[in-house]
Amino acid sequence: MFSGKFYLWRRAGMGALLTSAVIGAVVGLAHAQEMASSKAAQLKAAPSPRLQNATQVDWSAAIRQADGPHIQGAQAPSPQARGVAADKAAPRLRQAIRPVASRLSRDQVNRTRLPLLTPREGGMVRTERARLVSFGDAYSLNLPQDKGVVLTVTGNRRMVQAKRGEIARKPRLKLANIPEDVQITRLEDGWSASFRRFGVLYTVDLLCDDAQDVKCLDDAYLRKAVADMTDVSLGEEAQKEAGVAQ
Amino acid sequence: MKIPRFLFGVLTVSLLLTGCDDLPFPTDKGSESASSSASTSSASESASSASTSSASESSSSSSSVTPLPEVPHQAAGLLPAGSGSGYDDTRNWAPGICFPLADTPAYANSQVYRPGGSAVPSNPSQCAPENYAYPWIDNFCESRSWVNPVCNSGKGHQGQDLRPKACTNNTYWAVAAEDGVITQMGSYTVALTADAPPYRVYRYLHLQNASLKVGLHDRVKRGQKIGKVSNNMGTSGGKPVYTTIHLHFEIRVSQSETLSDGTMLAENAFVPPYTALLDAYQRKLAGDCPVVE
């Protein structure tokens, strides 16, 4: 049993302890958050692959491809093309938006600041359910094929700098009807091909829901799909940067 | 200066809770039990962390340079003997990302060269305690037949496997590593393309299809729930195929190289996620990356 006076003193002591506990906990929590953000800041400064400026697009080649006869690979630039600037005189563009791109969200097409590479109309790649999302300097085009099979085309002109020799030492393929060297990789759930055209890095992924799907047993289907990626469209942002007039 | 303040807070709370047992005056039972459970949870995490930390890690936790919780781990690129060739480029390829699992702890290790994996037929239980324990172990470039030029052998595993908090299927959430857009959805694959350059692509494999909270081209925020970690591996010949319960996490980054003659080469390559994941995990343990529903 406690006397009333002792009880009050003890209660006051507990109150003080409680107050300092709350203050301590708040300070501690704030400090934990501060630690997390300071670590994040520290990481940003830590060595990591360096992001490069947007690569210069070979707009002349892209315009030739957009306007040209869409024979596989016929109008594509040579692999040695190094991002030549647009012609001094504003080139004319007869058809900025090819048929496949005309069925995509115009808003997304217009936001895209690179040549929008899509399958050619009437080719082997189905395009009726195609959907596009643009990130400005990159885009992703989703192309559902037969049940359980999806192709995704991405274009990207913002890259990080690879170490010297890192890409050069990797194997590349010369494929029929494709002017550029292509890298083909097997994925856990499909196949992927990437190549550089107009200064832009394009990737075509093939995903199969079923591991035994004949389209994913080897890379033959993907190779044909890549060969069909010949249509080029230029949305408003791309046209502005290319300096073209319609 | 700051750490003692933090420790002061923790110690004071501990003292208070210890003293609360014999409080002679009426208490709010609800708040007491809430405090108790917080204390228990915090204490068990500390105990677990203390029991698994090495001496050097414990001592480094008192350093003001690396204040984040240390996580027992093997070095990046170092694979257990016989499991693969490893790799040399251990840079952080995705600084600042959100750890892709909502709950901690989580365990980075192989699904093949551990109990329950095909290389360990003597112990068929994927739920063996050693699978759900530190240290973290890298398994990017683990032996596979797939081309992966980053690997010393030129072939290997293209991601990092993460086991969730416990060996329970369809329970633990995978979350978005960065703000971005869902750009691929397969039967057991979800890909997220980050909004910001270089537009990294994060691929999440083996999610439970029925639990997915995202659709194609949905925008997601860093930390947002995507789907639950499962053993789903799609189908083969029309029949369901299963793996162990884990998240296979991949990072793809667009890279370029200019040769001495001015020719530019580019590739969209799988990069080792381990360093980025370890850092994200440490930040997660310190309170970074709250889960977004």
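Residues numbered from 1 in each chain as written. Chains lettered and ligands numbered in written order. Predicted model: local features only at pLDDT ≥ 70, side-chain atom pairs only at ≥ 80, totals over all residues. Heavy atoms only, no water.

S.K.: Which residues make up the environment of Asp-195 of chain B, and what values go with them?
M.R.: Checked against the element boundaries, Asp-195 of chain B lands in the loop between strand 5 (189-194) and strand 6 (201-205). What makes Asp-195 of chain B partly exposed here is its relative accessible area of 31%. When the C-alpha positions of Asp-195 of chain B and Lys-165 of chain B are compared, they lie 29 Å apart, and in sequence the two are 30 residues distant. Ignoring sequence-local partners within four residues, the contact set of Asp-195 of chain B consists of Phe-135 of chain A together with Asp-179, Gly-180, Val-181 and Arg-219 of chain B. Here Arg-219 of chain B takes part through its side chain, which lies 2.8 Å from a polar atom of the side chain of Asp-195 of chain B. (Helix = DSSP H or I, 4+ residues; strand = E, 2+ residues; numbered from the N terminus. Buried < 20%, exposed > 50% of the residue type's maximum accessible area, 1.4 Å probe, protein only. Contact = heavy atoms within 4.5 Å. Polar contact = N/O pair within 3.5 Å; in protein donor to acceptor, adjacent residues only side chain to side chain.)

S.K.: Give me the sheet that holds strand 8 (residues 190-197) of chain A: which residues, what numbers.
M.R.: Each strand in a sheet pairs with its neighbour through backbone hydrogen bonds, running either in the same direction (parallel) or in the opposite one (antiparallel). Residues and elements named next belong to chain A. Overall, antiparallel pairing links the seven strands, which are arranged 2-3-4-9-8-7-6 in an open sheet. Looking at strand neighbours, the two that pair on one side only are strand 2 (131-134) and strand 6 (173-174), the edges of this open sheet. One ladder, built from two bridges, connects strand 6 with strand 7 (residues 181-187); its direction is antiparallel. Residue Lys-174 lies in a different strand from strand 7, and its bridge partner there is Asp-181. Sitting on the sheet, helix 6 (residues 220-227) touches strand 4 (149-156), strand 6, strand 7, strand 8 and strand 9 (200-208), and the angle it makes with strand 8 is about 30°. (Pairing = 2+ DSSP bridges. Axes fitted to C-alpha atoms, helices over the stretch in contact; angles between N-to-C directions.)

S.K.: Outline the confidence of the model for chain A, listing residues and values.
M.R.: Residues and elements named next belong to chain A. On average, residues of chain A score 80 in pLDDT, and 71% of them reach the 70 mark or higher. Note on residues 24-46: pLDDT under 50 across the span, and 28 contacts to partners over four residues away in sequence or across chains. Below a pLDDT of 50 lies the segment residues 71-88, which in the model reaches 45 contacts outside its immediate sequence neighbourhood of four places, other chains included. (pLDDT = per-residue confidence, 0-100.)

S.K.: Break down the pairing of strand 3 (residues 138-144) of chain A for me, citing the residues and quoting the values.
M.R.: In regular strands, side chains alternate between the two faces of the sheet. Residue and element names in this part refer to chain A. Counted residue by residue, strand 3 has seven buried out of seven residues, so it is predominantly covered. Every second residue of strand 3 is oriented toward a common face, with Ala-138, Ser-140, Asn-142 and Pro-144 on one face and Tyr-139, Leu-141 and Leu-143 on the other, all of them buried. Looking at chain direction, strand 2 and strand 3 are connected through four bridges and run antiparallel. Bridge pairing links Arg-131 to Asn-142 in strand 3. Hairpin remark: strand 2 followed by strand 3, antiparallel, with three residues in the connecting loop; positive phi at Gly-136, about 90°. Judged from the seven bridges that link them, strand 3 and strand 4 form a sheet pairing that is antiparallel. If you follow Pro-144 over to strand 4, its bridge partner there is Val-150. Where strand 3 folds back on strand 4, the antiparallel hairpin that results is connected by four residues, among which Gly-148 adopts a positive phi of roughly 80°.

S.K.: Describe unusual backbone geometry, listing the residues and the values that go with them.
M.R.: Residue and element names in this part refer to chain B. The step from Thr-104 to Pro-105 runs through a cis peptide bond, and the omega angle for that step is 0°. If you trace the backbone, Pro-105 turns up in the loop between helix 3 (55-60) and strand 1 (107-108). The omega torsion across Pro-197 and Pro-198 is 10°, close enough to zero to call that bond cis. The residue Pro-198 is located in the loop between strand 5 and strand 6 in this model.

S.K.: Tell me what's going on with the pattern of salt bridges, and back it up with residues and numbers.
M.R.: Tallied over the entire structure, the rule returns 29 salt bridges over all chains. Lys-221 of chain B is the salt-bridge partner of Asp-179 of chain B, the closest N and O atoms lying 3.3 Å from each other. Note that Asp-179 of chain B is positioned in the loop between strand 3 (173-175) and strand 4 (180-185) and Lys-221 of chain B in the loop between strand 7 (219-220) and strand 8 (225-228), a separation of 42 residues in sequence. Arg-219 of chain B is the partner of Asp-195 of chain B in a salt bridge, and the nearest nitrogen-oxygen pair spans 2.8 Å. Residue Asp-195 of chain B is located in the loop between strand 5 and strand 6, and its partner Arg-219 of chain B is located in strand 7; the two are separated by 24 residues in the primary sequence. Taken together, the shared-partner salt bridges in this structure form one network comprising Arg-126, Glu-128, Asp-146 and Lys-215 of chain A. (Salt bridge = Lys/Arg side-chain N within 4 Å of Asp/Glu carboxyl O.)

S.K.: Break down the environment of Arg-64 of chain A for me, citing the residues and quoting the values.
M.R.: Relative to the elements of secondary structure, Arg-64 of chain A occurs in helix 2 (residues 59-67). Spatially, the C-alpha atoms of Arg-64 of chain A and Thr-112 of chain A are 18 Å apart, while their sequence positions differ by 48 residues.

S.K.: Give me helix 4 (residues 274-285) of chain B: which residues, what numbers.
M.R.: Residues and elements named next belong to chain B. For helix 4, with 12 residues, the first-to-last C-alpha span of 16 Å sits near the 16 Å given by 1.5 Å per residue. Most of helix 4 sits inside the fold, with 10 of its 12 residues counted as buried. When helix 4 is considered as a whole, its buried residues turn out to be Tyr-274, Ala-276, Leu-277, Leu-278, Asp-279, Ala-280, Tyr-281, Gln-282, Arg-283 and Lys-284. With its phi angle positive at about 110°, Gly-287 sits one or two positions after the end of helix 4. (Expected span 1.5 Å × (residues − 1).)

S.K.: Residue-level account of the packing of aromatic side chains, with values.
M.R.: Under the counting rule described, the total for this entry stands at 14 aromatic pairs over all chains. When the ring of Phe-198 of chain A is compared with that of Tyr-202 of chain A, the centres are 6.5 Å apart and the planes differ by 90°; the resulting orientation is edge-to-face. In this structure Phe-198 of chain A comes out as buried when scored by relative accessible area, which is 2%. On the numbers, 6.0 Å between centres and 75° between planes, the contact of Tyr-107 of chain B with Tyr-132 of chain B is edge-to-face. Of this pair, Tyr-107 of chain B sits in strand 1 while Tyr-132 of chain B sits in the loop between strand 1 and strand 2 (160-163), and the two are 25 residues apart along the sequence. Linked through ring pairs, Phe-99, Tyr-107, Tyr-132, Tyr-134, Trp-136, Tyr-274 and Tyr-281 of chain B together constitute an aromatic cluster. Above the face of the Trp-173 of chain B ring, Lys-213 of chain B is positioned so that its terminal group lies 5.4 Å from the ring centre. (Phe/Tyr/Trp six-rings, centres within 6.5 Å; stacked < 30°, edge-to-face > 60°. Lys NZ or Arg CZ within 6 Å of the ring centre and 35° of its normal.)

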